[in-house]
Amino acid sequence: MTEVEVKKTQESLQDRLAQVVELLQRQRVVEDLTHRQEGHHHDRVENLVHRQNLVELQRKLDDLHSADVAYILEALPLEERLTVWQLVKAERDGDILLEVSDSVRETLIADMDDHELLAAAKEMDADELADLAPELPRDVVHELMEALDGQQRERVRSALSYDEEQVGALMDFEMVTIREDVSLEVVLRYLRRLKELPGHTDKLFVVDYDGVLKGVLPIKRLLVNDPEKQVAEVMASDPVSFHPDEDAYDAAQAFERYDLISAPVVDKNDKLIGRLTIDEMVDLIREESESEVLSMAGLREEEDIFASVWKSLRNRWAWLAINLITAFLASRVIGLFEGSIEKLVALAALMPIVAGIGGNSGNQTITMIVRAMALDQVSTGNTSRLMRKELAVALINGLIWGGVIGAVAYMLYGSWSLGVVMTAAMTLNLLLAALMGVLIPMTLARLGRDPAMGASVMITAMTDSGGFFIFLGLATIFLL
């Protein structure tokens, strides 16, 4: 899809959201007007108008892809979201539940009764059921498992047995397997007998009679080679494969590195048990990226933008409390130098610059280090070199930009010594920011925590307090 096509799709989706919002507003206005009217036909008119608006809204929703409906649901306040959700056709419930965010899915499931949940879940594949099962009521899950056939039940249990961050939790069980001792013509005839191929089928999996993976046959090789050739002659015998207990994010990186569309998942005996597909990997990378951004801001989980005040408060309060403590510490650092600030008022105007630039520099360093750690580019062998490099960058930046702000301070206040102190303080605070920017995520990782968790809050606290202390301390010693 070209850049222009992507832009058109996004614009079209925004237009559709606007149309849905307009219909909801129109219905609310009409209902208000009919409520004010009195007369014998009032109820009939209200009912007719209500139904007309709902029919038009439902027609709009029927024309949308499930992912687009999910986008619209996430963008609506709770009351309007549930109104739209009730208009979605029952057979589409399952697809939409899988597309919406976890927080929005919670509100939709709470609005459904057990019968609706069972009907939606019965349309799903085993891997999709495993994704949804942890959020369903226990009695619904039990009844659903009882309704599945033996193979589906075993697949769901297999997927649920793995942690959500493992490959086994994301693998798909729908795949096409063939033997290596048959001709390509036989394979083509076999494929024609199938009603349809599983989504994202770019290769067929070659197994022996015990189900052990022998290789893969890319569809493009199947189509361009002589039909008389054997599968063993044209298949790839060393495909990229994964084990179910491997880290899912490592698998996603492999998909990106090797440009994979699908890949086999095998057990310890190399028996084929499932496959990974590009759609799951893209979703995983997006969720990981969103989680990293939220963690750096000190948010514990993804938040529904229309969630209740209390729920949003619970998600945000912890790091705000920590931030309050660090802000208080920074204020006490300033309090230590009240006498100096009284004697030289210029210090009060200049000290936020030192702290602010240090915080920005520290956040740049932390972002780069967290990204490198996510890509497994940081190891014990290159930590010291990475530290030296970041300190060198901070030193050069400090001297350059510290010199600039030092010159500005000299021009504003006519004191060359104040300019020198400003340059020195800026340089030292950038060095502190670089040091903390490397140490904070690495320390969190060694403690078994997410290296991005609250990192921006902590680095800001360090550079604020440190910047104030360095600048006011140098000013007190050399200027006063």
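Each chain has its residues counted from 1, running along the sequence as written. Two thresholds apply to this predicted model, a pLDDT of at least 70 for residue-level local features and 80 or more for giving and counting side-chain atom pairs, whereas whole-chain, interface and lining totals are computed over all residues. The side-chain figures draw on all heavy atoms in the structure; neither hydrogens nor water molecules are used.

The name given to the protein chain in an unreviewed UniProt entry is Magnesium transporter MgtE, with Pseudomonas sessilinigenes as the source organism. Listed under Function (unreviewed entry) in UniProt, the entry text for the protein chain is "Acts as a magnesium transporter." For the record of the protein chain, the UniProt heading Sequence similarities (unreviewed entry) holds the text "Belongs to the SLC41A transporter family." UniProt positions are given in the numbering used here, feature names are shortened, and annotations may be inferred rather than shown by experiment.

K.L.:
Would you mind going over the confidence of the model for the protein chain in detail, with residue names and values included?
P.N.:
Note on scores: pLDDT gives the predictor's confidence for each residue, bounded by 0 and 100. Across the protein chain, the average pLDDT comes to 85, with 91% of residues at 70 or higher. For the protein chain, the element scoring lowest by mean pLDDT is helix H1 (residues 3-36), at 68; strand E2 (residues 203-207) scores highest, at 97. Only DSSP runs of H or I covering at least 4 residues are called helices, and only runs of E covering at least 2 are called strands; the numbering of each starts at the N terminus.

K.L.:
With reference to specific residues and values, describe the nonpolar core.
P.N.:
The nonpolar core is taken to be a set of buried Ala, Val, Leu, Ile, Met, Phe, Trp, Tyr and Cys residues, with the residues joined through side-chain atoms within 4.5 Å. Only protein chains enter the accessibility calculation, which uses a 1.4 Å probe; a residue is then buried when its area is under 20% of its type maximum, exposed when over 50%, and partly exposed in between. Ranked by internal contacts, the top residues of the largest apolar core, which has 57 residues, are Leu-73, Val-84, Trp-85, Ile-96, Phe-242 and Leu-276. No other element matches helix H15 (residues 248-258), which puts five residues into this core. Listed in part, the 26 residues of the second largest apolar core include Ala-425, Leu-430, Ala-434 and Phe-471.

K.L.:
Describe the sheet that holds strand E3 (residues 213-218), with residues and values.
P.N.:
Two strands are said to pair when DSSP picks up at least two bridges between them. Read from one edge of the open sheet, three strands run E1-E2-E3, paired in mixed fashion. Each edge of the open sheet carries a strand with a single partner, namely strand E1 (177-178) and E3. The sheet contact formed by E2 and E3 spans five bridges and is antiparallel. What sits directly across from Leu-204, in E3, is Leu-217.

K.L.:
Give me the lowdown on the UniProt feature "transmembrane region" (unreviewed entry) in the protein chain, citing residues and values where you can.
P.N.:
Per the UniProt entry, the sites bearing "transmembrane region" (unreviewed entry) are residues 317-337, 349-370, 391-413, 419-440 and 452-479 in this numbering. Within residues 419-440, the helical portion is 100% and the strand portion 0%, while the C-alpha atoms at the span's ends are 31 Å from each other. Across residues 452-479, helical content stands at 86% and strand content at 0%; the span's end C-alpha atoms are separated by 40 Å.

K.L.:
Hey, could you go over empty space enclosed by the protein for me, with residue numbers and the actual values?
P.N.:
Lining residues are those with an atom within 4 Å of a point, where the points come from a 1 Å grid over the protein atoms alone and group into cavities, where a 1.4 Å probe fits but cannot get out, or pockets, open sets with protein on both sides within 12 Å along at least five of seven lines. Grid points are joined across faces, edges and corners, and a volume is the space filled by probe spheres set on the points. As enumerated under the stated definition, the model contains one cavity of 30 Å³ or more in all. Together, Leu-129, Ala-133, Val-141, Leu-144, Met-145, Leu-148 and Val-156 line the largest cavity. Top contributing element to the lining of the largest cavity by residue count: helix H9 (residues 138-147), with three residues.

K.L.:
Residues and numbers for the packing of helix H21 (residues 416-446) against helix H22 (residues 455-478), please.
P.N.:
In this analysis, axes come from line fits to C-alpha atoms, helices being fitted only over the stretch in contact, and the angle between any two N-to-C directions falls in the range 0 to 180 degrees. Following both chains from N to C, one finds H21 and H22 inclined at 150°, their axes separated by 9 Å at the closest point. Comparing their axes, H22 and H21 come out roughly antiparallel. Crossing of H21 against H22: the hand is right-handed. Of the residues in H22, those in contact with Val-421, Met-422, Ala-424, Ala-425, Leu-428, Asn-429, Leu-432, Ala-433, Met-436, Gly-437, Ile-440 and Leu-444 of H21 are Ala-455, Met-458, Ile-459, Met-462, Thr-463, Gly-466, Gly-467, Ile-470, Phe-471, Leu-474, Ala-475 and Phe-478. In this classification, the charged set is Asp, Glu, Lys and Arg, the nonpolar set is Ala, Val, Leu, Ile, Met, Phe, Trp, Tyr, Cys and Pro, and all remaining amino acids, among them Gly, are polar. For the contact of H21 with H22, the residue count by class is 19 nonpolar, five polar and no charged. Small angles under 35 degrees read as roughly parallel and large ones over 145 as roughly antiparallel, with 65 to 115 read as roughly perpendicular and the rest as oblique. Rotating anticlockwise by less than a right angle from the far helix to the near helix defines a left-handed crossing, while the corresponding clockwise rotation defines a right-handed one. Here, residues are in contact when the closest pair of their heavy atoms is within 4.5 Å.

K.L.:
Hey, could you go over the pairing of E2 for me, with residue numbers and the actual values?
P.N.:
Judged by how many residues are buried, E2 sits mostly within the fold: five of five residues are covered. Here E2 shows no split at all, with Lys-203, Phe-205 and Val-207 on one side and Leu-204 and Val-206 on the other all buried. As paired strands, E1 and E2 are joined by two bridges and run parallel to one another. Each bridged residue has a counterpart across the sheet, and for Thr-177 the counterpart in E2 is Phe-205.

K.L.:
Tell me about the environment of Lys-229, and name the residues and values.
P.N.:
Along the chain, Lys-229 falls in the loop between helix H13 (219-224) and helix H14 (231-234). On a C-alpha basis, the gap between Lys-229 and Ala-372 in space is 46 Å, while along the polypeptide they are 143 residues apart.

K.L.:
Can you tell me about the pattern of salt bridges, naming the residues and giving the values?
P.N.:
Close approach of charged atoms allows side chains with opposite charge to pair. When a carboxyl oxygen of Asp or Glu is within 4 Å of a side-chain nitrogen of Lys or Arg, the pair counts as a salt bridge. On inspection of all chains with the given rule, the structure shows 10 salt bridges. A salt bridge links Lys-89 to Asp-62; the shortest N-O distance between them is 3.8 Å. Highlighted residues: Lys-89 in the loop between helix H4 (78-87) and helix H5 (93-99) and Asp-62 in helix H2 (residues 42-62), separated in sequence by 27 residues. Take Asp-62: its relative accessible area is 32%, and that puts it in the partly exposed class. Asp-283 is the salt-bridge partner of Arg-286, the closest N and O atoms lying 4.0 Å from each other. Remark: Asp-283 and Arg-286 occur in helix H16 (residues 278-296); sequence separation between them is three residues, near one turn of the helix. A residue is classified by how much of its surface remains accessible, and Asp-283, at 32% relative accessible area, is partly exposed.

K.L.:
Residues and numbers for a nonpolar patch on the surface, please.
P.N.:
A cluster of nonpolar residues, Ile-396, Ile-400, Trp-401, Val-404, Val-408, Tyr-410, Met-411, Leu-412, Tyr-413, Trp-416 and Val-420, forms a patch on the protein surface that exposes about 1,200 Å² of accessible area. For the nonpolar patch, the secondary-structure elements that each account for two or more residues are helix H20 (383-413) and H21. Position of Trp-416 among the secondary structure elements: in helix H21. Of the residues examined, Trp-416 reaches a relative accessible area of 65% and is grouped as exposed. Only residues whose relative accessible area exceeds 30% and that form no salt bridge are eligible for patches; like-charged ones are grouped when within 9 Å, while nonpolar side chains (Val, Leu, Ile, Met, Phe, Trp, Tyr) are grouped when within 5 Å. What sets the accessible areas is the Shrake-Rupley method with a 1.4 Å probe; for residues, cover comes only from the shown protein chains.

K.L.:
Describe unusual backbone geometry, and please don't skip the residues or the numbers.
P.N.:
Non-glycine residue Asp-259 carries a positive phi angle of around 55°. One can find Asp-259 in the loop between H15 and strand E4 (262-266). By relative accessible area, which is 65% here, Asp-259 ends up exposed. Backbone geometry at Asp-270 places phi at a positive 65°, although glycine is not the residue there. The residue Asp-270 is located in the loop between E4 and strand E5 (272-277) in this model.

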